[in-house]
Amino acid sequence: MMTCLAIDDEPLALDLLEDNIKKIPFLKLLKKCSNALEANEFLQSQPVDLLFLDIQMPGLTGIQFLQGLSKTPPLVIFITAYEQYALEGYSLDVIDYLLKPVSFERFLKAVNKAHDKFMVSRTPAPPVASAAYMFVNSEYNLVRIDFAEVAYIEGLKDYVKIYMMSATRPVITRMSMKSLEEILPGDQFVRVHKSFIVSVSKITSIRKGRIALLKEQIPISEHYRENLYRFIDPKNLA
């Protein structure tokens, strides 16, 4: 069950949100708030898993409210009438951006994305010292990923593809590259590009800013080049 908080200065919008939330079995609405200050006061004593957050509100906008949260923010779905805020919303790593009026079908798609990410965050991780695998949500299943089998990972917007040595198809799951970096063993995997993490032991060669791996040519960006060089003898860079 995911607890949630709905924040919107329009009473009719709040009522519609409440109706939609009640139709979702895994959601529990704890409170409706008409402004960001009221929501902030509630969150001081009652953490929630998911925020439904309007952007254009008097006093404090939804974006300002989210940026000002002192604790790690909950998952967020923006619901607004203003399309121009979409890019800024995604830069804040929100789950989805819904434009009013929101159909139930579109609402359901957004909350399913939130639920997928929520379940991943609650998946028990093995002890760090002996971690050799992780579990990810893929096609409504928890799939075990053995680190020794991972060749590389490709990030594509709001999901990733995990390419395995012994599989013909990648495992696709909704995760961010940042969260994967925190899970994968740092002595085995390295991020070489905003869209790629590779297993160091699976690299066959490096040439002209590209890594050869599984017959693929994976780019190395300037921003992440130093990450890779940690695994290379400096004498070989001369």
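On any regular strand, side chains alternate: one points to one face of the sheet, the next to the other face. Side-chain alternation along strand β3 (residues 50–53) places Leu50 and Phe52 on one buried face and Leu51 and Leu53 on a second face that is also buried. In terms of strand pairing, strand β1 (residues 2–7) meets β3 through four bridges, oriented parallel. Residue pairing in the sheet places Ala6 in a bridge with Phe52 of β3. Regarding the hand of the β-α-β motif, the stretch spanning β3, helix α3 (residues 62–67) and strand β4 (residues 75–80) is right-handed.

Next up on the list: the sheet that holds strand β15 (residues 216–219). Reading across the sheet, the three strands line up as β13-β14-β15 and stay open at both edges, with antiparallel pairing between neighbours. Both edges of this open sheet fall to β13 (205–207) and β15, since each of them pairs with a single strand only. The average angle at which neighbouring strand axes cross in this sheet is 30°, direction not considered. Pairing between β13 and strand β14 (residues 210–213): three bridges, direction antiparallel. When the bridges of β14 are listed, Arg207 appears paired with Arg210.

By size, the foremost hydrophobic cluster in this structure holds 22 residues, and its most contacted members are Met2, Leu27, Leu50, Phe52, Ile77, Phe107 and Val111. Looking at this core, the elements that each hand over two or more residues are β1, α1 (11–22), β3, β4 and α5 (104–122). If one sorts the elements of this core by residue count, α5 sits on top with five residues. Residues contacting Ile77, with those up to four places away along its chain left out, are Leu50, Leu51, Phe52, Leu53, Ile95, Asp96, Leu98, Ala110, Val111 and Ala114. Of all hydrophobic cores here, the second largest spans 20 residues; its members include Cys33, Met57, Ile63 and Tyr97.

Here we come to the confidence of the model for the protein. The pLDDT averaged across the protein works out to 86; a share of 90% of its residues lies at or above 70. Confidence drops under pLDDT 50 across residues 125–130; counting only partners more than four residues distant or on other chains, this segment forms two contacts.

This brings us to α5. With 19 residues, α5 extends 26 Å from end C-alpha to end C-alpha; this agrees with the ideal 27 Å at 1.5 Å per step. What α5 keeps buried is the set Phe107, Ala110, Val111, Lys113, Ala114, Phe118 and Val120.

About the thresholds
Residues numbered from 1 in each chain as written. Predicted model: local features only at pLDDT ≥ 70, side-chain atom pairs only at ≥ 80, totals over all residues. Heavy atoms only, no water. Buried < 20%, exposed > 50% of the residue type's maximum accessible area, 1.4 Å probe, protein only. Helix = DSSP H or I, 4+ residues; strand = E, 2+ residues; numbered from the N terminus. Pairing = 2+ DSSP bridges. Right-handed = clockwise from strand over helix to strand, strands pointing away. Axes fitted to C-alpha atoms, helices over the stretch in contact; angles between N-to-C directions. Core = buried A, V, L, I, M, F, W, Y, C linked by side-chain atoms within 4.5 Å. Contact = heavy atoms within 4.5 Å. pLDDT = per-residue confidence, 0-100. Expected span 1.5 Å × (residues − 1).

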